[in-house]
Amino acid sequence: MRSRLLGLAAVALLSMPRGSVSPKPRIGVLDYRFVVTLSESSDTIAVDAYVTFERSPGGPDTLSLDLIGMTVDSVGYTNAVWTSYVPYSDTARAKVKRFAPVRFSFDGRVLRIPLGKPSTASPSVRQNYAQVAISYHGVPQDGLIEGTNAHGHRVVFADNWPERARFWLATVDRPGDKARVSFVVHAPPSWKVVSNGVQPFLEQPHAPGRWWWSTHEPIPTYTMVIGAGEFTVSQHRPVINGRDTIPLEVWTYPEDSAFADSVPFRRATEIVEVMQRLIAPFPYEKLAHVQSSTKFGGMENASAIFYAEKPYVERRMGEGVVRHETSHQWFGDAVTERDWPDIWLSEGFATYFDGVIGAVLDGDSVLVNRMRSNAEDYFKSAVTDRPIVDSGYAADPIKLLNANSYPKGAWVLHMLRSTIGDSAFFRGLRTYYRTYRDSTATTEDFQRVIEKEARANLGWFFHQWLYQPGYPQLDVTWQYDAGARKVLLGITQRQKPEWGLFRLPVLTLGFRGGDGAIVRRDVTVSERSRVTSARVDLPFAPAEVRVDPDGKLLLRVTAIVRR
Ligand SMILES: [Zn+2]
């Protein structure tokens, strides 16, 4: 997402996710279906949730679902999962016939459902799969935000990140347990409802007052959303992938639609096409950009991105947030951080690709300027004493929406790119994406893929930039030896001892001659000692020395002194 807190400029039935390499949880959810009834006059919602899950043999005999503050009316269980894909009836009566009632326990935060024995009744029944049906109702305290929009009209928007889906959706509400999701939403007839995925194949079209959306790919619970209200929906040029046509829609409050179509989303299709060229085909079957009441600047919900409404209303919304959220569809949604300490795999990537896509569309200076402001945002932040991969905030993931996850994360990618070269970098990103698509990954997974593609041990790089806090602060002294035609350099790492020392295999120095031209020379800075001495050939006495003149490294120069 794009955090406002930071102020950064910023169906194969029951098949397992591709590239699923994590150890399987002993109960893993495969599919959620939520039938949600919304009201024009009341904040009370009624939900029928159908949760299909896989149990490993000898796994727990209880399914625990996160659900906060709702009233649970009934719970049913079946292990005859094959019947569940008969199109759903929305009525509770039909449900009762299929599901055996279960005596559940619910403490207002966790719903515990005892499970029957795996079925041996029929070879057509997948033994380790089962399904529960839960009916509940109430006024969500969070997660589903009901109220009026900036123009005074009633709207309902989900806003789940990080673990707020559980206030309205009975889920295993952790980023590591991705699943497919379907929503059937009953809403006032004048409303439109957007959600993840597409209208299910062969089902009846969206009818007034009843909307049905379904994903084919597993997505994290923090991106399982609905948005409901009065919208103008404009179709932008679709993305064509071979025989697949991916609709690209812009959902806006009617008052703001002309602005949205002509300014922030003017190049929405081109942005997707750039990511496709750099990484891989778009991961989902449609993409909707939705004006909403999310509390974040933007929220990358899979195939239905939500944006804060105010920048539309004030006509100050730009394209950067669209590039950021669109790139999350690949990094964050399709490949998801396995747990919160690895969130830079989502936010660092999206922050970097905002600049990378901008550079493809408008020239390299976009990326250069983005990286410069990313560095400034990070330097002035309060998190320089903490590493990027930070397990200290696991209980409070909102604190990870910080300058380590975003701008420094982007810098890690930028420096990795210059360390291993464009070719290995993008090949590595594509392999990483392909390997972990529709699944989850850790920083170690990413490192392993990159090291293989680069054919290099990059332990030092990952250690110093991701697990060590801070950044190098350099004092540089220089002296020209006219007889030897050499510059003698002393480079001292002045950062706090707690940050450790940094290895900079290529530190570029720029020497300005009397004619104004800059001649570049590279030196290597060692992490073994605080002071590195070097001498470089130079045919003239420089008038000025610049450190890292092309902005390739996240560092700060504290002094440049002629001896
Ligand atoms: Zn983001």
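Note that the coordinates shown come from a computational prediction; the quantities given were computed from them, not determined experimentally.

**What about the sheet that holds strand β25 (residues 518–525)?**
Taking strand neighbours across the sheet as the criterion, the three strands line up as β25-β24-β27 in an open arrangement whose pairing is antiparallel. The open sheet is flanked by β25 and β27 (544–547), the only strands paired with a single partner. Between one strand axis and the next, the sheet turns through 30° on average, direction left out of account. Of the strand pairs in this sheet, strand β24 (residues 504–512) and β27 are connected by four bridges, and their pairing is antiparallel. Looking at β27, one finds that G510 is bridged to R546.

**Description of the environment of Q141**
If you trace the backbone, Q141 turns up in the loop between β8 (129–138) and β9 (144–148). Residue class for Q141 comes out exposed when judged on its relative accessible area of 58%. Remark: the alpha-carbon pair of Q141 and M70, spanning 71 residues in sequence, is separated by 8.8 Å. In contact with Q141, not counting residues within four places along its chain, are I68, G69 and F167.

**Examining the sheet that holds strand β6 (residues 105–106)**
With antiparallel pairing, the three strands of this open sheet are ordered in space as β3-β7-β6. The open sheet has two free edges, formed respectively by β3 (62–66) and β6, since each of these has just one partner strand.

**Considerations on the side chain of T440**
Assignment of secondary structure puts T440 in strand β21 (residues 439–441). Under the relative-accessibility criterion, T440 is labelled buried at 3%. Side chain to side chain, T440 and R338 meet in a polar contact 2.8 Å long.

**Some thoughts on the packing of aromatic side chains**
Geometrically, a pair of aromatic rings is defined through the distance of the ring centres and the angle of the planes. Under the counting rule described, the total for this entry stands at 37 aromatic pairs. Residues F282 and Y284 carry aromatic rings whose centres are separated by 6.0 Å and whose planes lie at 85° to one another, so their mutual orientation is edge-to-face. The class for F282 is buried, based on a relative accessible area of 5%. Aromatic pair W344 and F349: ring centres 5.6 Å apart, planes at 50°, arrangement tilted. This pair shows no difference in class: W344 is buried, exactly as F349 is. The ring of Y393 carries R386 above its face, with NZ or CZ at 4.0 Å from the centroid. Lying over the aromatic face of W460, R503 brings its terminal NZ or CZ to 4.4 Å of the ring centre.

**Focus: unusual backbone geometry**
A cis amide bond, omega -5°, links W161 with the succeeding residue P162. Mapped onto the fold, P162 is located in the loop between β10 (154–158) and β11 (180–186). Phi at R455 takes a positive value of approximately 50°, unusual for a residue other than glycine. Structurally, R455 can be placed in the loop between α10 (443–454) and α11 (459–467). Judged by relative accessible area, which is 79%, R455 ranks as exposed. Unusually for a residue other than glycine, R485 sits at a positive phi of about 55°. Within the secondary structure, R485 sits in the loop between β22 (473–481) and β23 (486–493). R485 sits in the partly exposed class, given a relative accessible area of 46%.

**Notes on the pairing of strand β15 (residues 232–241)**
Consecutive side chains along a regular strand alternate between the two faces of the sheet. In this sheet, strand β16 (residues 244–252) lies alongside β15 in antiparallel orientation, the contact comprising eight bridges. Note that in β16 the partner of H236 across the bridge is L248. The hairpin turn running from β15 into β16, its antiparallel successor, is two residues long, and G242 in that turn takes a positive phi close to 60°.

**Section: the packing of helix α8 (residues 404–420) against α10**
Closest axis-to-axis distance for the α8/α10 pair is 11 Å, and the angle between their directions is 20°. The angle between α8 and α10 places the two elements in the roughly parallel class. You can see that α8 and α10 cross each other, and the crossing is right-handed. In contact with L413, L416 and I420 of α8, α10 contributes F446, I450 and A454.

Reading the values: the criteria
- Residues numbered from 1 in each chain as written.
- Predicted model: local features only at pLDDT ≥ 70, side-chain atom pairs only at ≥ 80, totals over all residues.
- Heavy atoms only, no water.
- Pairing = 2+ DSSP bridges.
- Helix = DSSP H or I, 4+ residues; strand = E, 2+ residues; numbered from the N terminus.
- Axes fitted to C-alpha atoms, helices over the stretch in contact; angles between N-to-C directions.
- Buried < 20%, exposed > 50% of the residue type's maximum accessible area, 1.4 Å probe, protein only.
- Contact = heavy atoms within 4.5 Å.
- Polar contact = N/O pair within 3.5 Å; in protein donor to acceptor, adjacent residues only side chain to side chain.
- Phe/Tyr/Trp six-rings, centres within 6.5 Å; stacked < 30°, edge-to-face > 60°.
- Lys NZ or Arg CZ within 6 Å of the ring centre and 35° of its normal.
- Parallel < 35°, antiparallel > 145°, perpendicular 65-115°, else oblique.
- Left-handed = near helix turned anticlockwise from the far one by under 90°.

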